[in-house]
Amino acid sequence: MKGKLFAGMLAGALAALGTGSEAAERIKVGFISTLSGPSAALGVDIRDGFQLAVRLAGGRLGGLPAEVLVGDDQFKPEVGRQLAEKNVRLDKVHFLTGMVFSNIMLASVPVAFENRIIYVSPNAAPSPLAGKQCNPYLFVASWPNDAYHEAAGQHATNRGYKNTYLIAPNYQAGKDSLAGFKRYYKGNVAAEVYTQLGQLDYSAELAQLRAAKPDALYIFLPGGMGINFIKQFVAAGLSKDIPLIVPGFGSDQDIIRPVGDAMLGLFDTAHWASDFDNAANRKFVAAFEKEYRRIPSVFAAQGYDAALLIDAAVRDVKGKVEDVEAVRKAMRAARFESVRGAFKFNRNQMPIQNYYLRVVAKDAQGRIVNKTIGTIFKDHGDAYVQDCGMK
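Numbering of residues begins from 1 in every chain and follows the order in which that chain's sequence is written. Given that the model is predicted, a residue must reach a pLDDT of at least 70 before its local features are reported, and side-chain atom pairs must reach 80 or more before they are shown or counted; all residues, however, enter totals for whole chains, interfaces and linings. To get the side-chain values, all heavy atoms of the structure are used, and hydrogens and water are removed first.

1. Quick word on the pattern of salt bridges
Condition: Salt bridges are defined as contacts in which a side-chain nitrogen from Lys or Arg sits within 4 Å of a carboxyl oxygen from Asp or Glu. Between buried and exposed lies partly exposed: a residue is buried under 20% and exposed over 50% of the maximum accessible area for its type, with that area taken using a 1.4 Å probe on protein chains only. By definition, any uninterrupted DSSP run of H or I lasting at least four residues is a helix, any uninterrupted run of E lasting at least two residues is a strand, and each is numbered from the N terminus.
Going through the model one piece at a time under the given rule, you end up with 19 salt bridges. With a closest N to O distance of 3.1 Å, arginine 47 and aspartate 48 form a salt bridge. For aspartate 48, a relative accessible area of 5% puts it in the buried group. Between arginine 328 and glutamate 325 there is a salt bridge, with the nearest N and O atoms lying 2.8 Å from each other. In this pair, arginine 328 and glutamate 325 both sit in helix α12 (residues 324–333), 3 residues apart, roughly one turn of the helix. Given a relative accessible area of 38%, glutamate 325 falls into the partly exposed group. Each of Asp45, Arg47, Asp48 and Arg294 takes part in salt bridges that share partners, so that together they form one network.

The structure is reproduced here in structure tokens:
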């Protein structure tokens, strides 16, 4: 009888270990992002948004003390991979997050997936991971790579542009961007030009654009690429003749700050804007401006929401983060108040949400900001979910 009792107690103890029944003492998050070089502003905004959410929660996530280990991937996939290896194998983090660029993410997240560590994306969401390569340990707190561009293509169609010129960098997100635009654009594509990733001189591309004389131009050039392109586009006088359409981050605060008044009147598409009138967003924008003395960008909003998503999941499982399946279930429920308003996960753990048309204008204080002027898509998912094998 004693033997059976001991065996039962041992089985119960092992089961408890297997499900992570004990709450963690602290939550460790590996935060890997691009924090140096021409595109550093994007990673800095994601980091600042994420850390603001933790700070507002008293340095905690889900009620537990939080340790955020910040690493700079230096815009290099191999460095991102090395940092992911360190965070997972040495630091024993519970979550990974932070990456801006799809090529860095694709090189790095397999380390997390192989070790059943959840990666919460505050930005990149490449199409392969939305479809056939969808993964149970990936949750996207931003938007699928194609989505902003799909909204931009619909906007170009709505405006009646018959002949649009397309430019993007030659990497996964660049290809996703133009595929998304073309999916909803009903006019003719004048040209589809892929530049080098990180390129800063666009004189050759601008000469070709001038010769083509399109009805409109759509670009996906994040960070320093977009800053340089828009400055050169305006300096070349092309902005007088060719309407420029960009995704939301193509005319966001990280671009507005260095470019200035040349941005006024530019249309873009996004899932969020600083003028959204909901309680969560009002709190975020006010706190961000107070803490960092600048207007938050869409990247900052995504970093903030990524932290809130982790916070909600940890709280739902009462800190028992070793039970990864319970954490995944809590993640899917997404029980947090997003700054974007309505938010839920699709079957592939990519967002279903609204996308809006914004225009760059001056606010009541004379600051250059994005103002929301309409809704392009409501409860919009992605084009790849039918290829995802997850139930």
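From this point, the discussion proceeds with the structure in view.
2. Comments concerning the pairing of strand β11 (residues 267–270)
Keep this limit in mind: Any two strands between which DSSP finds at least two bridges are classified as paired. Crossover handedness is defined here as right-handed if the route from the first strand over the helix to the second strand goes clockwise, with the strands pointing away from the viewer.
As defined by bridge partners, strand β10 (residues 244–247) adjoins β11 across 3 bridges and the pair is classed as parallel. Of the residues in β11, the one forming a bridge with proline 247 is threonine 269. You can see the chain leave β10, run along helix α9 (residues 253–259) and come back into β11, and the turn it takes is right-handed. As defined by bridge partners, β11 adjoins strand β13 (residues 351–362) across 4 bridges and the pair is classed as antiparallel. Within β13, the position partnered with alanine 270 by the bridge is tyrosine 356.

3. As for the environment of alanine 152
Formally: Any two residues having at least one pair of non-hydrogen atoms within 4.5 Å are treated as being in contact.
Residue position: alanine 152 is located in helix α5 (residues 147–159). With a relative accessible area of 0%, alanine 152 lands in the buried category. Spatially, the C-alpha atoms of alanine 152 and aspartate 316 are 37 Å apart, while their sequence positions differ by 164 residues. Beyond its immediate sequence surroundings of up to four residues, alanine 152 is in contact with Phe181, Tyr218, Ile245 and Thr269.

4. Points about α5
The test is simple: Given a helix with a known number of residues, its expected span is that number minus one, times 1.5 Å.
A rise of 1.5 Å per residue sets the reference length of α5, with its 13 residues, at 18 Å; its end C-alpha atoms lie 18 Å apart and thus fit the reference within 8%. All of the buried residues along α5 are Ala147, Tyr148, His149, Glu150, Ala151, Ala152, Gly153, Gln154, His155 and Ala156.

5. Observations concerning the sheet that holds strand β5 (residues 118–121)
Put simply, the rule reads: The axes are straight lines fitted to the C-alpha atoms, using for helices just the contacting stretch, and the angles between their N-to-C directions are given from 0 to 180°.
Sheet architecture is open: 6 strands sit in the order β2-β3-β1-β4-β5-β6, paired in mixed fashion. Each having just a single partner strand, β2 (60–61) and β6 (138–140) make up the two edges of the open sheet. Note that β5 and β6 share 3 bridges and pair parallel. Its bridge partner being in β6, tyrosine 119 is matched across the sheet by leucine 138. Helix-sheet contacts for helix α4 (residues 102–114) involve β4 (95–97), β5 and β6, and the interaxial angle to β5 is about 145°.

6. As for the pairing of strand β14 (residues 368–380)
Pairing analysis gives 9 bridges linking β13 to β14, with the strands arranged antiparallel. Counterpart to tyrosine 356 in the pairing with β14 is threonine 375. The antiparallel pairing of β13 with β14 creates a hairpin that spans 5 residues between the two strands, and glycine 366 there sits at a positive phi of about 85°.

7. Some details on the environment of aspartate 268
The test is simple: Identification of polar contacts relies on pairs of N or O atoms within 3.5 Å, with a donor-acceptor requirement for protein atoms, meaning one able to donate a hydrogen and the other able to accept it, and with residues adjacent in sequence counted only if both atoms are side-chain atoms.
Mapped onto the elements of the fold, aspartate 268 is located in strand β11. Given the relative accessible area of 0%, aspartate 268 is considered buried. Separated by 101 residues in the primary sequence, aspartate 268 and isoleucine 167 have C-alpha atoms spaced 15 Å apart. With near-sequence residues (within four places) excluded, aspartate 268 lies in contact with Val246, Pro247, Gly248, Ser251, Tyr356, Leu357, Arg358, Val360 and Asn370. Polar side-chain contacts of aspartate 268 include one of 2.5 Å to the side chain of serine 251.

8. Overview of the packing of helix α7 (residues 203–212) against helix α8 (residues 224–235)
The cut-off we apply is this: Any angle between 65 and 115 degrees counts as roughly perpendicular, while under 35 counts as roughly parallel, over 145 as roughly antiparallel, and the rest as oblique. Crossing handedness follows the turn of the near helix against the far one: under a right angle anticlockwise gives a left-handed crossing, and clockwise gives a right-handed one. All residues other than Ala, Val, Leu, Ile, Met, Phe, Trp, Tyr, Cys, Pro, Asp, Glu, Lys and Arg, Gly among them, are scored as polar; the first ten of these are nonpolar and the last four charged.
Put simply, α7 and α8 touch, their axes get as near as 10 Å, and they point 45° apart. Considering the angle they form, α7 stands oblique to α8. As for how α7 packs across α8, the hand of that crossing is right-handed. Counted together, Ser203, Leu206 and Leu209 of α7 and Phe229, Gln232 and Phe233 of α8 form the full contact between these two elements. Each residue belonging to the contact of α7 with α8 can be placed in one class, and the counts come to 4 nonpolar, 2 polar and no charged.

9. A closer look at the packing of aromatic side chains
Basically, it comes down to this: Here is the rule: rings of Phe, Tyr and Trp (six-membered ring for Trp) pair when centre to centre is within 6.5 Å. Planes less than 30 degrees apart are stacked, more than 60 are edge-to-face, and the remainder are tilted.
For the coordinates displayed, the defined rule picks out 23 aromatic pairs. The interplanar angle of 40° and the centroid separation of 4.6 Å between the aromatic rings of phenylalanine 284 and tyrosine 304 together place this pair among those described as tilted. Here phenylalanine 284, found in helix α10 (residues 279–292), pairs with tyrosine 304, found in helix α11 (residues 298–316); they are 20 residues apart in sequence, far enough to count as distant. Of the two residues, phenylalanine 284 and tyrosine 304, both sit in the buried class. Three or more aromatic residues joined by ring pairs make a cluster, and in this case those are Phe75, Phe101, Trp143, Tyr148, Tyr171, Phe220, Phe249, Phe299 and Tyr355.

Taken by themselves, the reported measurements are silent on function.
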